[in-house]
Amino acid sequence: MTGTQRREQLIEIGRTLFAERGYEGTSIEEIAQRANVSKPVVYEHFGGKEGLYAVVVDREMSRLLEMVTSALSRNRSRVRVERVALALLTYIEEHTDGFRILVRDQPVAAAEGTYSSLLNEAVNQVSHLLAADFSRRGFDPELAPLYAQALVGMVSTTATWWLDDRTPPKEVVAAHLVNLCWNGLMNLEADPPTPALEP
């Protein structure tokens, strides 16, 4: 096996174990054992468990970010919301282990390359799109980040819920998310009344 092939093998084994057991529950010993190599071989390629984990997370983040960004940039209006929801659900369906790694425990030192950093990037992109739409419709574009956070949070939370059950089918989940998002967005009030505080 070449060095490149060995590295890929270790990444796949690490990916599987991190998805099954989480970061803390995975050991270099088990990774090496499954690959039929000694622990120093794993250290040689990645410097340790943290290095292997970083490579796995980076690959999953790149894959998911590409799917979400592509859906955001290639479509318009309602279709955009639908495609983003469907992109996330499709990623979960096709790369379940990767999604489990992204939403599971992370090393304390991990600041970038986390699911929350991906969500922040999605919020920024959605916020930019909503600000332009709000300006055209006479709404305050300064409120776009609030709405972006709500929309991304709704899709993300629903996707995490769908991870384990997988019913209804992803297309149905996406349709209902879009129904709630779109019909809510289409009927926005420019200045909604705020609830009165009880005395």
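The structure under discussion appears in the preceding block.
Note that the structure is predicted; figures quoted are calculated from it, not measured.

1. Notes on helix α2 (residues 28–35)
So, step 1. I28, E30, I31, A32 and A35 are the residues of α2 that are buried.
So, step 2. Of the residues one or two after α2, N36 is the one with positive phi, at around 55°.

2. Here's the deal with the packing of aromatic side chains
So, step 1. Inspection of every chain in the model, using the stated rule, returns six aromatic pairs.
So, step 2. Between F18 and Y23, the ring centres sit 6.2 Å apart and the planes meet at 20°, which makes this aromatic pair stacked. Considered together, F18 and Y23 belong to a single accessibility category, that of buried residues.
So, step 3. Residues Y91 and F99 carry aromatic rings whose centres are separated by 6.3 Å and whose planes lie at 75° to one another, so their mutual orientation is edge-to-face. Each of the two residues, Y91 as well as F99, counts as buried.
So, step 4. Put simply, the rings of F18, Y23 and Y53 pair up and form one aromatic cluster.
So, step 5. Over the ring of Y23 we find K49, and its NZ or CZ is 4.4 Å from the ring centre.
So, step 6. Cation over ring: R166 sits above W162, and NZ or CZ is 5.2 Å from the ring centre.

3. A look at the packing of helix α1 (residues 3–21) against helix α6 (residues 96–103)
So, step 1. The interhelical angle for the contact between α1 and α6, taken along N-to-C directions, is 60°, at an axis separation of 8 Å. Taken together, the axes of α1 and α6 lie oblique to each other. Considering only the axes of α1 and α6, their crossing is left-handed. Where α1 abuts α6, its residues R15, T16, F18 and A19 lie against D97, G98, R100 and I101.
So, step 2. Considered class by class, the residues forming the contact of α1 with α6 number three nonpolar, two polar and three charged.

Reading the values: the criteria
- Residues numbered from 1 in each chain as written.
- Predicted model: local features only at pLDDT ≥ 70, side-chain atom pairs only at ≥ 80, totals over all residues.
- Heavy atoms only, no water.
- Buried < 20%, exposed > 50% of the residue type's maximum accessible area, 1.4 Å probe, protein only.
- Helix = DSSP H or I, 4+ residues; strand = E, 2+ residues; numbered from the N terminus.
- Phe/Tyr/Trp six-rings, centres within 6.5 Å; stacked < 30°, edge-to-face > 60°.
- Lys NZ or Arg CZ within 6 Å of the ring centre and 35° of its normal.
- Axes fitted to C-alpha atoms, helices over the stretch in contact; angles between N-to-C directions.
- Parallel < 35°, antiparallel > 145°, perpendicular 65-115°, else oblique.
- Left-handed = near helix turned anticlockwise from the far one by under 90°.
- Contact = heavy atoms within 4.5 Å.
- Nonpolar A, V, L, I, M, F, W, Y, C, P; charged D, E, K, R; others polar.

Read these as spatial facts, not as claims about activity.
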